[in-house]
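An overview of the molecular structure
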Amino acid sequence: MSNIPANDDLRVFLIVARQSSFAAAAEHLGVSTAYVSKRIRVLEETLGVRLLHRTTRRVSVTDQGERVFHWAQRVLDDVEQLMQEVAVTRGEPRGLLRLSSSFGFGRRVVAPMLSAMARRHPGLQVRLEVLDRLVDVAAEGYDVDVRVGDEIAPHLIARRLAANHRVLCAAPAYLARREAPRTLQDLASHDCLVIKERDHPFGVWRLRAGAQEEAVKVTGPLSSNHGEVAVQWAVDGHGVVLRSLWDVAPLLADGRLVPVLPDWRQEANVWAVYPERLASSAKVRVCVEYLIDAFAEVSAADAGRPSATSPWPA
């Protein structure tokens, strides 16, 4: 084979394969569907293989396309890391940095930090996506996922950004109407506000008190896939919620929520997670180091406050 595929065509193919759609890939790239279709056709002609099965609704990768996908990802990663290393030697990381995080945490905490990072590193193009599910960082093409929760696949690299845990709480009005639970098992007979969010198993709360760890199945009349919605329902007096301290600390401080079974908690530290193939990526290194410093500043600022108001407990 005398022709060498263009990097841009390989990049288009990777996005089509991940999105399983020409239209979705075109939207992701900000180009026309016709352009995407043409680049795939050129790549197939260059390689002499069929990369995709096409139907009216979606596309899927052929067996040969799977092999090309893995090679293309490796080639583009190597080229990108070369460019990043050269950029770093000039004193400034460059290129597109794709990040993901959860709805509430991404909007309220991560986005402001990335805003400040973008001012410090103008050569980076930062793209943040907030999602209500746990992403497959490597397969979905993200560079870094900033997540709350300690269940992390062993094939991923994780750097802890901050200590955090989830707590049980409810509004005083709810506890005045219902006797406060005395044991973890009592939660099964209470109205609990269940969240289907990223790493939360729906309706099962696993908590720890010292060395003791237990799980309880909970139900309630209201549930949501958005943590901020569930917290507001708790403030409105609808039931007990299990939520990260970073989210409910101000509400606990002003009395709109009060702790329930305060000896029980769920570890939910804050992590920057990225694929092993990006372990030497200059832009990922710069981003993660910046986030570590940014979270450390938040922790230092909260060190002198009462523990109930600090979103980053020790």
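Residues numbered from 1 in each chain as written. Predicted model: local features only at pLDDT ≥ 70, side-chain atom pairs only at ≥ 80, totals over all residues. Heavy atoms only, no water.

A tally of helices and strands in the protein yields nine helices and 15 strands. When the 314 residues of the protein are sorted by exposure, 46% land in the buried category. The contacts in the protein between residues at least 6 apart in sequence include a share of 74% that link residues at least 24 apart. Only carbon and sulfur atoms are counted for the fraction: they give 52% of the accessible area of the protein, which is about 15500 Å². (Helix = DSSP H or I, 4+ residues; strand = E, 2+ residues; numbered from the N terminus. Buried < 20%, exposed > 50% of the residue type's maximum accessible area, 1.4 Å probe, protein only. Contact = heavy atoms within 4.5 Å. Areas by Shrake-Rupley, 256 points an atom, 1.4 Å probe, with all protein chains shown as cover.)

Here we come to the pattern of salt bridges. Throughout the structure, instances matching the rule amount to 15 salt bridges. With a closest N to O distance of 2.7 Å, Asp9 and Arg39 form a salt bridge. With Asp9 in helix α1 (residues 7-19) and Arg39 in helix α3 (residues 33-47), this pair connects stretches of sequence that are 30 residues apart. Arg39 matches Asp9 in its accessibility class, with the two residues each being buried. (Salt bridge = Lys/Arg side-chain N within 4 Å of Asp/Glu carboxyl O.)

Next up on the list: the nonpolar core. Phe105, Val144, Val146, Val270, Leu291 and Phe295 are the most contacted members of the largest nonpolar core, which has 27 residues in total. Mapped onto this core, the elements with two or more residues apiece are β3 (95-102), α5 (103-120), β5 (144-148), β6 (156-162), β15 (270-275) and α9 (282-302). At seven residues, α9 tops the list of elements feeding residues into this core. Core analysis: the next-biggest nonpolar cluster, separate from the first, contains 20 residues, Phe22, Val36, Leu51 and Leu76 among them. (Core = buried A, V, L, I, M, F, W, Y, C linked by side-chain atoms within 4.5 Å.)

With mixed pairing, the five strands of this open sheet are ordered in space as β4-β3-β5-β15-β6. Whereas interior strands pair on both sides, the edge strands pair on one side only; in this sheet they are β4 (124-131) and β6. The mean angle between the axes of side-by-side strands here comes to 25°, regardless of whether they run parallel or antiparallel. Pairing of β3 with β5, which is carried by three bridges, proceeds in the parallel orientation. Paired with Leu99 across the two strands is Val144, which belongs to β5. Here α5 sits on the sheet and contacts β3, β4, β5 and β15; the angle it forms with β3, its principal contact strand, is near 150°. (Pairing = 2+ DSSP bridges. Axes fitted to C-alpha atoms, helices over the stretch in contact; angles between N-to-C directions.)

This paragraph deals with the pairing of β3. By the bridge criterion, eight bridges tie β3 to β4 in an arrangement that is parallel. Considered in β4, the bridge of Ser102 is made with Leu131. The handedness of the β3 to β4 crossover, carried by α5, is right-handed. (Right-handed = clockwise from strand over helix to strand, strands pointing away.)

What follows covers the packing of α1 against helix α2 (residues 22-29). At a minimum axis separation of 8 Å, α1 and α2 run at an interaxial angle of 125°. For the element pair α1 / α2, the angle class is oblique. In terms of crossing hand, the pair formed by α1 and α2 is right-handed. In this structure, α1 uses Val12, Ile15, Val16 and Gln19 to contact α2, whose residues at the interface are Phe22, Ala24, Ala25, His28 and Leu29. In the contact of α1 with α2, the residues fall into seven nonpolar, two polar and no charged. (Parallel < 35°, antiparallel > 145°, perpendicular 65-115°, else oblique. Left-handed = near helix turned anticlockwise from the far one by under 90°. Nonpolar A, V, L, I, M, F, W, Y, C, P; charged D, E, K, R; others polar.)

For the protein, the mean per-residue pLDDT works out to 86, and 89% of the residues sit at or above 70. In this model, residues 306-310 is a region of pLDDT below 50 whose contacts with residues beyond four sequence positions or in other chains number seven contacts. (pLDDT = per-residue confidence, 0-100.)

Attention now moves to unusual backbone geometry. With a phi angle near 55°, Ser20 is a residue other than glycine that sits in the positive phi range. Topologically, Ser20 is positioned in the loop between α1 and α2. Positive phi outside glycine occurs at Leu261, with the angle close to 45°. For Leu261, the location among the structural elements is in the loop between β13 (258-259) and β14 (266-267).

One can describe the packing of α1 onto α3 by two numbers: an axis separation of 9 Å at closest approach and a directional angle of 115°. Considered as vectors, α1 and α3 are oriented roughly perpendicular to each other. As for the relative orientation of α1 and α3, their crossing is left-handed in sense. Along the contact surface, α1 presents Asp9, Leu10, Val12, Phe13 and Val16, while α3 presents Val36, Arg39, Ile40, Val42 and Leu43.

What follows is about the layout of surface pockets. A volume near 860 Å³ is recorded for the largest pocket. For the largest pocket, the lining is made up of 34 residues, of which Arg11, Ile15, His28, Leu96 and Arg98 are closest to its centre. Listed by contribution, the elements that provide at least two residues to the lining of the largest pocket are α1, α2, α4 (63-89), β3 and β4. Its residues assigned to classes, the lining of the largest pocket comprises twelve nonpolar, nine polar and 13 charged. (1 Å grid on protein atoms, 1.4 Å probe; cavity = no way out; pocket = protein on both sides within 12 Å on 5 of 7 lines; lining within 4 Å. Points joined across faces, edges and corners; volume = space filled by probe spheres on them.)

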